[in-house]
Amino acid sequence: MIKTSRVRRHNLTALDAACVGLLLAYFLHFALLALGAGFREDEMMNLYRYWFAGASKSIEANLCFWSTFYRPAGTLYYLPLYHFFSLNPLPYRIVQVSILAATIPIFFYLARLLSGSRAVAFLITLAMCYHGQMASLVFVGSFIYDVLCGFFYFVALTYYVYTRETGLALRPAQLAIFLALYVCALNSKEMAVSLPLIVFIYEALKCPRLRDRSDFVRQNWRAAIPAFVAALVTCIYIYGKLSGPHSLANLEAYHPVYSWHRFTLTNAHFMNDLFYDSASRIGRWVLFGWPVVFFYAFRRRDRLLQLMAFWVVITPLPLAFIPSRGGPMLYIVLFGWATIFARLVSDLIALAGKVTALSGPRTATLSTFATGAVAVAFAVFTNWQNQRFDTTRALLNSEEKSLHVIQAFRSLALHPEPGSRILLRPEKRFYQNGYYPLFVASLVWNDHSLRIYVEGEQRLDEREIAEISYVISFTEFQAKLVRAPKPDHT
């Protein structure tokens, strides 16, 4: 067992619980509107993918995390909800909002462990609760992968940091728990691959500084074992995901281009999203600000800032070389910038206390009121930006179409015979994915034996056309049964 030179123990108090309660109320101020959201096209595709594969194959994919099965953790969310609630969107939205809410105390406790400051932890968590450019995390069901990935990523990191801050290395059982949480994050979304490197840097910054390099390695090598094991898991994961014809990397939207231009362009886009700027002015400036963050962190000898300086460079890497992403995909990245912001605010408040020559209780009072003022100002700013972009209304309106289509198919009150062949004939295309009607119809009827075709998407020969039992024409709001089997009077 390895003991470190610095041990932190944080027993949460009633004041900590009150802070978390206030943060949850702040989050729900924005999030409760999401309970009225519906489904988007891509969410119908996601649900259909797991429904078509079936529970056993989906569960197997969670165990074989290196397979090219698409984000298998999604099946743990979609299939139980579909089994019990079919296509009623409310339970889906309740679960998604609940997962985000459950992550808030995780943020707070992780920040407390790393910073040792309640005020810093409160500001970090406040920034993580809601970001207007990441509103899709709350209001769009298809971003459940980012929600799940963030949840498991931060739970794994918090569990690891909590164990290590007691001064002991992870025992085999604890390492197994950490790896299981990490695999769940990987199964949720690919951006979790940065965790082993973050853990390794955390350990490197945590280790005591020894003059003799051999002593340093001999006394601290065991602390790096979890990071190396997690890195091995990552290598297996990456090799499996990049191999085979069904790899996401084969799709243009996920095909990486390893160039400095792509790296700077995507990171500038990230920064513009984080700072609510769409004119590409802030992003490139922040790229040049990275050395400043590193200089300040190491000049100040602040282990938290040092870790976050690496964090804001490393965590965007899984997204930095693919076509531009932003918004909800920056959920993990945001934690680093939120921590830097909170620590800088804390340092400025401490500096103000020194300048004004306050001491004792007055310094604590100044810190409390100044932190509260910054928190209120930040919350007001976030609310203003959210209203300025009007993202909530736009996201909610975009999810009504699927509810209309679901209701249109249900209005037929049709129960096709098992094994029937059904042709869907759109009167006018109002959707993007050509197989979208297939997804909706399959999920409405919930019968794997049906063979459903969409006119214009599949080529049918004369035999297949002759075997069509039902022909259904439809629009967004209405479905009509054009042809059905003649009733058997025998």
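What about the nonpolar core?
Then, in step 1: Grouped together as the largest cluster of nonpolar side chains are 146 residues, with contacts concentrated most on F178, F409 and W445.
Then, in step 2: When residues no more than four places from it in sequence are discounted, the contact partners of F409 are L424, V440, A441, V444, W445, I472, F474 and A479.

Considering the packing of helix α10 (residues 195–206) against helix α15 (residues 303–314)
Then, in step 1: Direction vectors running N to C along α10 and α15 enclose 155°, while the axes themselves pass 10 Å from each other. Judged by the inter-axis angle, α10 sits roughly antiparallel to α15. Pair α10 / α15 crosses with right-handed handedness. Contacts from L197, I198, I201, Y202, L205 and K206 of α10 reach α15 at R303, Q306, L307, F310, W311 and I314.
Then, in step 2: A breakdown of the residues in the contact of α10 with α15 according to their chemical character gives nine nonpolar, one polar and two charged.

So, the pattern of salt bridges
Then, in step 1: Counted under the stated rule, the structure contains 15 salt bridges.
Then, in step 2: A salt bridge links D16 to R118; the nearest nitrogen and oxygen atoms lie 2.7 Å apart. Here D16 is found in helix α1 (residues 14–31), whereas its partner R118 is found in helix α6 (residues 118–129), with 102 residues between them in sequence.
Then, in step 3: For R118, a relative accessible area of 26% gives the class partly exposed.
Then, in step 4: Notably, a salt bridge pairs E165 with R303, separated by 3.7 Å at the nearest N-O pair. Taken together, the positions of E165 in helix α8 (residues 144–165) and R303 in helix α15 put the pair 138 residues apart, joining distant regions of the chain.
Then, in step 5: E165 sits in the buried class, given a relative accessible area of 1%.
Then, in step 6: Among the charged side chains, a salt-bridge network with shared partners connects R300, D302, R343 and D347.

Remarks on the pairing of strand β4 (residues 479–483)
Then, in step 1: Examined bridge by bridge, strand β3 (residues 470–474) and β4 share four bridges and lie antiparallel to one another. Looking at the pairing, V471 lines up with R483 of β4.
Then, in step 2: Hairpin connection of β3 to β4: four residues between the antiparallel strands.

Remarks on the packing of aromatic side chains
Then, in step 1: Applying the stated criterion across every chain, the model contains 35 aromatic pairs.
Then, in step 2: Aromatic side chains F341 and F378 sit 5.7 Å apart centroid to centroid with 35° between the ring planes, which places their arrangement in the tilted category. Taken as a pair, F341 in helix α17 (residues 331–355) and F378 in helix α18 (residues 361–389) lie far apart in primary sequence, 37 residues in all.
Then, in step 3: Residue F341 is classed as partly exposed on the basis of its relative accessible area, which comes to 31%.
Then, in step 4: Within the aromatic cluster, the residues linked to one another by ring pairs are F39, Y50, F69, Y77, Y78 and Y92.
Then, in step 5: When the ring centre of Y145 is taken as origin, the NZ or CZ atom of R71, which lies over that ring, is 5.4 Å away.
Then, in step 6: The ring of Y436 has K401 lying over it, and the distance from NZ or CZ to the ring centre is 5.7 Å.

Here we look at a nonpolar patch on the surface
Then, in step 1: Taken together, L28, L32, L35, L90 and I94 make up a surface patch of nonpolar side chains, about 370 Å² in accessible area.
Then, in step 2: Along the chain, L90 turns up in helix α5 (residues 89–115).
Then, in step 3: Classification of L90 by relative accessible area gives partly exposed; the value is 36%.

Calculation rules
- Residues numbered from 1 in each chain as written.
- Predicted model: local features only at pLDDT ≥ 70, side-chain atom pairs only at ≥ 80, totals over all residues.
- Heavy atoms only, no water.
- Core = buried A, V, L, I, M, F, W, Y, C linked by side-chain atoms within 4.5 Å.
- Buried < 20%, exposed > 50% of the residue type's maximum accessible area, 1.4 Å probe, protein only.
- Contact = heavy atoms within 4.5 Å.
- Axes fitted to C-alpha atoms, helices over the stretch in contact; angles between N-to-C directions.
- Helix = DSSP H or I, 4+ residues; strand = E, 2+ residues; numbered from the N terminus.
- Parallel < 35°, antiparallel > 145°, perpendicular 65-115°, else oblique.
- Left-handed = near helix turned anticlockwise from the far one by under 90°.
- Nonpolar A, V, L, I, M, F, W, Y, C, P; charged D, E, K, R; others polar.
- Salt bridge = Lys/Arg side-chain N within 4 Å of Asp/Glu carboxyl O.
- Pairing = 2+ DSSP bridges.
- Phe/Tyr/Trp six-rings, centres within 6.5 Å; stacked < 30°, edge-to-face > 60°.
- Lys NZ or Arg CZ within 6 Å of the ring centre and 35° of its normal.
- Patch = residues over 30% accessible without salt bridge, like charges linked within 9 Å, V, L, I, M, F, W, Y side chains within 5 Å.
- Areas by Shrake-Rupley, 256 points an atom, 1.4 Å probe, with all protein chains shown as cover.

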